[in-house]
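# Tertiary structure, described
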Amino acid sequence: MGAFGREAASTGELMTSSNTPSCSSGLCPKPQTHLLSGKCLLLVACVTLACVYGYASKLTEMIRVTAWSASKSTEPVTSGDQTTRGNGINVTKKLMTLEPVIFAEIPRQTLPNYKNPCWYEKVPETEVDSNPYKSHKTCHAHIKTMKSRKKMAKHFRDGLIHNDTGHFRLRCLPYFYIIGMPKCGTSDLYLRLTKHPDVVGGLKKEPHWWTRRCFSRQMAGDIPNVTVPVREYLDLFDGAASTIKSRIKKSLTSSGQEVVNHDVITGEASVSTLYDNRRWGREVWDESSNEPAVLVANLLKAVQPHARFILTIRDPAERLYSEYLYFGNGKKSAATFHKNVITAIDGFNNCLKNNSVRSCTYEPNLTEMQSVRLRLGLYGVYLRDWFAIFPPGQILVQRMEDRSEDPRGTMTRVLDFLQLGPIESTSQKDAIFSLKKEHSRRPTDVQLGQMLPETQRILNEFYRPHNRQLAALLNDSRFLWQKDVSV
């Protein structure tokens, strides 16, 4: 049982008589205590009769549906009060004010026999035969995504579970998030992971929903003015939910009782999750310190406290140049990059005259060019905040340079971090551990060559103190990037 399941098992299955359905309909919630009580004996009788007629699996599914529908709550799961930096405001209460719909839509508990965080949601009878994706907002939706939604709509009713109380659909959040950084191999990592037999991707690899509330790849400037509801974000994982529900693993307890588990997981790879907090703007800034008091990481902690995060980073100077080559507009050159770097450093240093490094790193109004996002290389600033919010054991940090040199070793660590089982298929092993890279540098960009030596020197000087702080935070001198040479 995964961490999400353990949380639900420990807090979510004790139900009062007021919200417990009657066994007369053949539906009883799974009990945690008082195994010899009258209601539980009746449950045993129901299950026994179902086994006789071969319906035990279906009845168990219906029991879960009723129990989780009745126990749905808008209260977030937290491991104690989260407080902001400096002002003592309860972060969870602030988040519920900022994002009330998210807490209303996502329950505090998830199904205990699902490794991935999933739950059942009741579907209004008027919507059982409708297209649940028809009213989706337009927000840079890819045509491939739209086609997939149209296909899923045709089979929407077939995927519902129903009983005497109504129809239910399985909803799932990602089990893992690849949170950055841009041009650090996140696409390659995501594609490798989805080749694992126990990992299934969503409709979009990189929805950017938690940071922008919109499925937008917009890199800089104003955030999109379209707000996509949380329901539509969850819709991205409907296909994954269907696979998660259908793929089961059976095992026997020491007493010989059969246990059915759903071990397949899903995830997404929005690199903005680590650093982009512009959606809230000045609403969550501590004016006394001129720093953000609430981050996207706080929201994820309140909604999904056991989520796992993977961060891949590289030499910040090389990352910046790679991003310039990939996103730069017009005629690109090493000389133009050098000019843009000088402008970016001057702007950041001007901010530092009156503000802290953390303030300038998150400052939503600091002018920054799309192709030269200097602040994204200040990895230590972001990670210190994430480590203050999530236990370090839920965040895996790797260097892209190490993945290039040892893809098998680094991917093995990722699979272990996600608690994924062994791989039997040779073709799957090759797809996961091979040396082939996705989204390598384009031939036209390769022809531009490396950045100018003077640019390299200036960037190394700028990032050196920040790399030292990162290496100290991670207790790993490799993150000084003193000897690495990017390809």
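Preceding block: the structure.
Now for a look at the structure at hand. (Residues numbered from 1 in each chain as written. Predicted model: local features only at pLDDT ≥ 70, side-chain atom pairs only at ≥ 80, totals over all residues. Heavy atoms only, no water.)

A separate point is unusual backbone geometry. Each neighbour pair has its own omega, and for Gly180 with Met181 the value is -5°, a cis peptide bond. Relative to the helices and strands, Met181 is located in the loop between strand S4 (176-180) and helix H7 (186-193). Notably, Lys183 is not glycine yet its phi reads approximately 60°, a positive angle. Even without a glycine there, the phi angle at Arg213 is positive, about 50°. Residue classification places Arg213 among the buried positions, given a relative accessible area of 3%. (Helix = DSSP H or I, 4+ residues; strand = E, 2+ residues; numbered from the N terminus. Buried < 20%, exposed > 50% of the residue type's maximum accessible area, 1.4 Å probe, protein only.)

So, on to the packing of H7 against helix H17 (residues 407-417). Contact pair H7 / H17: the axes reach a minimum separation of 12 Å and the direction vectors enclose 65°. Regarding H7 and H17, the two cross each other, and that crossing is right-handed. Along the contact surface, H7 presents Leu189, Arg192 and Leu193, while H17 presents Met411, Val414 and Leu415. Residue composition of the contact of H7 with H17, by class: five nonpolar, no polar and one charged. (Axes fitted to C-alpha atoms, helices over the stretch in contact; angles between N-to-C directions. Left-handed = near helix turned anticlockwise from the far one by under 90°. Contact = heavy atoms within 4.5 Å. Nonpolar A, V, L, I, M, F, W, Y, C, P; charged D, E, K, R; others polar.)

Below, the discussion takes up the pattern of salt bridges. Per the stated rule, a full pass over the model turns up 23 salt bridges. The salt bridge involving Arg169 is made with Asp238; its shortest N-O contact spans 2.6 Å. Taken together, the residues Arg169 in strand S3 (residues 166-172) and Asp238 in helix H10 (residues 238-246) connect sequence positions 69 residues apart. Between Arg403 and Asp188 there is a salt bridge whose closest N-O contact spans 2.6 Å. One end of the pair, Arg403, is in helix H16 (residues 400-405); the other, Asp188, is in helix H7, and 215 residues separate them in sequence. (Salt bridge = Lys/Arg side-chain N within 4 Å of Asp/Glu carboxyl O.)

Looking now at the nonpolar core. One finds Met181, Trp210 and Leu459 to be the most contacted residues of the largest nonpolar core, which totals 90 residues. Each residue touching Leu459, except ones within four places of it in the same chain, is listed here: Ala317, Leu320, Phe337, Val341, Ile345, Leu374 and Met451. (Core = buried A, V, L, I, M, F, W, Y, C linked by side-chain atoms within 4.5 Å.)

Further remarks concern the sheet that holds strand S11 (residues 308-313). Working definition: the strands of a sheet are paired by backbone hydrogen bonds and lie parallel or antiparallel to each other. On the basis of which strands lie adjacent, the open sheet formed by five strands has the order S5-S8-S4-S11-S12 and parallel pairing. This sheet does not close on itself; its edge strands, each paired only once, are strand S5 (199-201) and strand S12 (395-399). Going from strand to strand, the sheet's axes swing by 25° on average, the running direction of each strand aside. Bridge count between S4 and S11: four bridges; the pairing is parallel. The residue bridging Ile178 from the neighbouring strand is Ile310, located in S11. Strands S4, S11 and S12 of the sheet are contacted by helix H15 (residues 379-389), whose axis makes an angle of about 160° with S12. (Pairing = 2+ DSSP bridges.)

Here we come to the pairing of S4. With five of its five residues buried, S4 lies for the most part within the structure. Where S4 and strand S8 (residues 265-268) come together, two bridges link them in parallel fashion. Following the sheet pairing, Phe176 is matched in S8 by Gly267.

This next bit is on the packing of aromatic side chains. All told, the structure shown has 18 aromatic pairs when counted by the stated rule. By way of ring pairs, the aromatic residues Tyr177, Phe309, Trp386 and Phe390 are connected into one cluster. Across the ring face of Phe417, the terminal group of Arg308 is positioned such that the distance to the ring centre comes to 5.2 Å. (Phe/Tyr/Trp six-rings, centres within 6.5 Å; stacked < 30°, edge-to-face > 60°. Lys NZ or Arg CZ within 6 Å of the ring centre and 35° of its normal.)

What follows deals with the sheet that holds strand S2 (residues 161-163). Strand order in the open sheet made by the three strands is S1-S3-S2, with antiparallel pairing throughout. Whereas interior strands pair on both sides, the edge strands pair on one side only; in this sheet they are strand S1 (118-123) and S2. Strand-to-strand twist across the sheet, computed as the mean angle between neighbouring axes with direction ignored, equals 35°. Looking at chain direction, S1 and S3 are connected through six bridges and run antiparallel. Across the sheet, Trp119 pairs through a bridge with Arg171, a residue of S3.

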